[in-house]
Amino acid sequence: MAGDEGRQPDLDGIEERFAALCEGRLSREEADRWAMRWITDDALEWDDLAWWALDLLAGVDLPALGGGHLHGDDQLRGWLDELRHRRRTT
């Protein structure tokens, strides 16, 4: 993850952020800020899978009514599993 701050991330970089989030090495707030940095840059182009994954990361820190987060840890792990599956099948 270090050293990739200045260039558009590829699917490896996006998957690494997802994994870091799921493993507790990256906070939800950090993951959201990182993803928002990329999806709000209109000069960049993304393939469908990268956009899908970034869009999920952007918002992982949204609060749920009554406390906690809108998207639970199990859902985040499911998204990571789906990203890995989609990468293998494309």
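Everything that follows concerns the structure shown earlier in this document.
Just so it is clear, the model here is predicted, and its values are computed rather than measured.

What is the right way to read the packing of helix 1 (residues 11-22) against helix 3 (residues 48-57) from this model?
How two helices sit against one another is set out by the angle between their axes and by the gap between those axes. Where helix 1 contacts helix 3, the two axes come as close as 10 Å, and the packing angle between them is 30 degrees. Of the possible angle classes, the one that applies to helix 1 and helix 3 is roughly parallel. Judged by the sense of rotation from one axis to the other, the crossing of helix 1 with helix 3 is left-handed. Of the residues in helix 3, those in contact with Leu-11, Ile-14, Arg-17, Phe-18 and Leu-21 of helix 1 are Leu-49, Ala-50, Ala-53, Leu-54, Leu-56 and Leu-57. A breakdown of the residues in the contact of helix 1 with helix 3 according to their chemical character gives 10 nonpolar, no polar and 1 charged.

Got a minute to help me understand helix 4 (residues 73-89) in this structure?
In an α-helix, one full turn covers 3.6 residues, which means residues spaced three or four apart are oriented alike. Here helix 4 is 17 residues long and its end C-alpha atoms lie 25 Å apart, about the 24 Å a rise of 1.5 Å per residue gives. Considered for burial, the residues of helix 4 that qualify are Leu-76, Trp-79, Leu-80 and Leu-83. Projected down its long axis, helix 4 carries its buried residues within an arc of 100 degrees, all on one side. Counted as exposed and oriented over 90 degrees from the buried face of helix 4: Asp-74, Arg-88 and Thr-89.

Just to check I follow, could you spell out the packing of helix 1 against helix 2 (residues 28-39) for this structure?
Where helix 1 contacts helix 2, the two axes come as close as 9 Å, and the packing angle between them is 160 degrees. Comparing the axis directions of helix 1 and helix 2 gives the class roughly antiparallel. You can see that helix 1 and helix 2 cross each other, and the crossing is left-handed. Of helix 2, the residues touching helix 1 (which contributes Gly-13, Ile-14, Arg-17 and Leu-21) are Arg-28, Ala-31 and Trp-34. In the contact of helix 1 with helix 2, the residues fall into 4 nonpolar, 1 polar and 2 charged.

Explain the pattern of salt bridges to me, please; I cannot follow it from the model alone.
Side chains bearing opposite charge may pair, as long as their charged atoms lie close to each other. One pass over the full model with this rule turns up 8 salt bridges. The salt bridge partner of Glu-23 is Arg-25, with a shortest N-O separation of 2.8 Å. By relative accessible area, Glu-23 is classed as exposed at 54%. We classify Arg-25 as partly exposed; its relative accessible area is 44%.

In this structure, what is going on with the nonpolar core? I would like to understand it.
One broad trend across soluble globular proteins is that nonpolar side chains are buried collectively. Counting residues in each nonpolar core, the largest one holds 26 residues, and the members touching the most others are Ile-14, Phe-18, Trp-34, Leu-54, Leu-57, Val-60 and Leu-83. Going through the elements one at a time, helix 1, helix 2, helix 3 and helix 4 are the ones with two or more residues in this core. When neighbours within four sequence positions are excluded, Leu-54 is seen to be in contact with Ile-14, Trp-34, Ala-35, Trp-38, Ile-39 and Trp-46.

Explanation requested: the environment of Arg-77 in the structure shown.
Position of Arg-77 relative to the elements: it lies in helix 4. Given the relative accessible area of 37%, Arg-77 is considered partly exposed. Through-space distance from the C-alpha of Arg-77 to that of Cys-22 is 6.1 Å; in sequence the pair is 55 residues apart. Within the structure, Arg-77 has its side chain in polar contact with the side chain of Asp-74 (distance 2.4 Å).

Cut-offs and rules
Residues numbered from 1 in each chain as written. Predicted model: local features only at pLDDT ≥ 70, side-chain atom pairs only at ≥ 80, totals over all residues. Heavy atoms only, no water. Axes fitted to C-alpha atoms, helices over the stretch in contact; angles between N-to-C directions. Helix = DSSP H or I, 4+ residues; strand = E, 2+ residues; numbered from the N terminus. Parallel < 35°, antiparallel > 145°, perpendicular 65-115°, else oblique. Left-handed = near helix turned anticlockwise from the far one by under 90°. Contact = heavy atoms within 4.5 Å. Nonpolar A, V, L, I, M, F, W, Y, C, P; charged D, E, K, R; others polar. Expected span 1.5 Å × (residues − 1). Buried < 20%, exposed > 50% of the residue type's maximum accessible area, 1.4 Å probe, protein only. Arc of directions from axis to C-beta. Salt bridge = Lys/Arg side-chain N within 4 Å of Asp/Glu carboxyl O. Core = buried A, V, L, I, M, F, W, Y, C linked by side-chain atoms within 4.5 Å. Polar contact = N/O pair within 3.5 Å; in protein donor to acceptor, adjacent residues only side chain to side chain.

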